[in-house]
Amino acid sequence: MKPRLAAFLLTFCASASGLCYAQIARMEILTFPSMTLTDQEFLSGRKDGKPVTIAGELRLPRPGTDRLPTVVLLHGSGGISGYVTDWEQEFNSMGIATFVVDSWTGRGITSVVNDQSQLGRLAQVYDSYRALEVLEKHPRVDPARIAVMGFSRGGQGVVYSGMKRFQRMHGPASGREYAAYVALYPTCNTAYLDDEEVTSKPIRIFHGAADDYVPVGSCRAYAKRLKAKGADIQHTEYAGAFHVFDWAALKTPMKLEKGQTTRSCQLEEAAVGRIVNASTKQPFTYADPCVGVRGHHRL
């Protein structure tokens, strides 16, 4: 684990539970209702998307009746992979419960690595809010100590879950929000309307400086904008690290030749719900020339 990220997580652990445990006392599969919205529908605040039931795996690291700090984990484009389960084990060893959300299976998706158009980029923002609604009612979860952590596409879901505009439109009915937002190598290359109005809770972004799938520049710039507005945000870069630098099983770089990426795209919300290429001002689709280059490293 990278030092600065480890320090932040240990702080969360210490303030939350005091002791660390290695065992898993209980696992539960929780299903919950969500909705499939296009990005335009999401941004317009629509409530009439396609209903879908998705699931998450809750792991409780110790027995008892006490309420535990919990981290929601949002996977990347390839679905739940080794880097997600690595973090599951890491948190559980700290005495922190985990809830791994599967945003793909209930929607009939296996992977969007080669075809990102299968699902809107903001779907995991919506899923994250619904996951929070489920967990805040669970008898073993402390509702005041639920954090969210995401990777790549899921990291994008984490970063923008903290936007006040999105929380007002789609957030939990209780008005609750996450206690912390942790994103690893997220996509930050879309400038949304009101995207500088964000949570007062901690936002932490960790990125590999050598990432050639989701280049670090856009998140660096977004973090700088948010910090100038007073947000509690830190953006940490690791020299020489590629995408998915935290996956323990990948010891050498692996390249996916057909992986679709928007690394050459700068996008913006020109009007409510209308995402355009910032350079051409044309509506963005995955047929845009900026998406034309494929292939990236995963570590």
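Residues numbered from 1 in each chain as written. Predicted model: local features only at pLDDT ≥ 70, side-chain atom pairs only at ≥ 80, totals over all residues. Heavy atoms only, no water.

**Student:** Can you explain the sheet that holds strand S12 (residues 274-277)? Please cite residues and give values.
**Tutor:** Pairing in this open sheet of 3 strands is mixed, and the strands run S7-S11-S12 from one edge to the other. Two strands lie at the open edges of the sheet, namely strand S7 (190-191) and S12, each paired on one side alone. Pairing of S7 with strand S11 (residues 267-271) involves 2 bridges; the strand directions are parallel. By the bridge assignment for S11, Thr-190 is matched with Leu-267. (Pairing = 2+ DSSP bridges. Helix = DSSP H or I, 4+ residues; strand = E, 2+ residues; numbered from the N terminus.)

**Student:** So what about the nonpolar core? Which residues, and what values?
**Tutor:** Core analysis: the biggest nonpolar cluster contains 52 residues, and Val-72, Phe-99, Tyr-160 and Phe-166 have the highest contact counts within it. Residue contributions to this core peak at 6 residues, all from helix H4 (residues 123-135). Excluding its chain neighbours within four sequence positions, the residues that come into contact with Val-72 are Phe-99, Val-101, Ala-131, Leu-135, Ile-146, Ala-147, Val-148, Met-149 and Tyr-178. Residues Trp-87, Ala-147, Val-182 and Tyr-185 belong to the second largest nonpolar core, which totals 23 residues. (Core = buried A, V, L, I, M, F, W, Y, C linked by side-chain atoms within 4.5 Å. Buried < 20%, exposed > 50% of the residue type's maximum accessible area, 1.4 Å probe, protein only. Contact = heavy atoms within 4.5 Å.)

**Student:** Explain the pattern of salt bridges to me, using residue names and the numbers behind them.
**Tutor:** Counted by the stated rule, this structure contains 19 salt bridges. Between Arg-26 and Glu-28 there is a salt bridge whose closest N-O contact spans 2.7 Å. Residue classification places Arg-26 among the partly exposed positions, given a relative accessible area of 48%. The class for Glu-28 is buried, based on a relative accessible area of 15%. A salt bridge links Asp-232 to Arg-204, with the nearest nitrogen and oxygen atoms 3.1 Å apart. Of this pair, Asp-232 sits in the loop between helix H7 (217-228) and strand S9 (233-238) while Arg-204 sits in strand S8 (residues 203-208), and the two are 28 residues apart along the sequence. Using a relative accessible area of 31% as the deciding quantity, one classes Asp-232 as partly exposed. Several salt bridges converge on common partners, so that one network encompasses Asp-195, Glu-196, Arg-225 and Lys-229. (Salt bridge = Lys/Arg side-chain N within 4 Å of Asp/Glu carboxyl O.)

**Student:** Run through the layout of surface pockets, naming residues and quoting values.
**Tutor:** In this structure, the largest pocket spans a volume of roughly 510 Å³. Lining the largest pocket are 27 residues, with Asp-39, Gln-40, Ile-275, Phe-284 and Tyr-286 sitting closest to its centre. When grouped by side-chain class, the residues that make up the lining of the largest pocket number 10 nonpolar, 14 polar and 3 charged. (1 Å grid on protein atoms, 1.4 Å probe; cavity = no way out; pocket = protein on both sides within 12 Å on 5 of 7 lines; lining within 4 Å. Points joined across faces, edges and corners; volume = space filled by probe spheres on them. Nonpolar A, V, L, I, M, F, W, Y, C, P; charged D, E, K, R; others polar.)

**Student:** Quick one: what's the story with the pairing of strand S6 (residues 180-184), residue by residue and with numbers?
**Tutor:** The side chains of a regular strand alternate, first on one face of the sheet and then on the other. When you tally the buried positions in S6, you get 5 out of 5 residues, the bulk of the element. On S6, burial covers both faces: Ala-180, Val-182 and Leu-184 on one face and Tyr-181 and Ala-183 on the other are all buried. Of the strand pairs in this sheet, strand S5 (residues 141-151) and S6 are connected by 5 bridges, and their pairing is parallel. Across the sheet, the residue bridging to Ala-147 is Ala-180, located in S6.

**Student:** Provide a residue-level description of the sheet that holds S9, including the pertinent values.
**Tutor:** Read from one edge to the other, the open sheet built from 8 strands follows the order S1-S2-S4-S3-S5-S6-S8-S9, with strand pairing classed as mixed. Sheet topology places strand S1 (26-36) and S9 at the edges, where each strand pairs with a single neighbour. Put simply, the sheet's adjacent strands are angled 20° from each other on average, direction ignored. Across the sheet, helix H5 (residues 153-161) is in contact with strand S3 (68-74), S5, S6 and S8; its angle to S5 comes to roughly 130°. Across the face of the sheet, H7 comes into contact with S8 and S9 while running at roughly 155° to S9. (Axes fitted to C-alpha atoms, helices over the stretch in contact; angles between N-to-C directions.)

**Student:** Just give me the short version of unusual backbone geometry, but keep the residues and values in it.
**Tutor:** In the Ramachandran plot, Asp-194 falls in the positive-phi region, its phi being about 60° despite a non-glycine side chain. With respect to the helices, strands and loops of the structure, Asp-194 is situated in the loop between S7 and S8. The class for Asp-194 is partly exposed, based on a relative accessible area of 48%. Phi is positive for Lys-281, which is not a glycine, with a value near 65°. By secondary structure assignment, the location of Lys-281 is in the loop between S12 and strand S13 (294-297).

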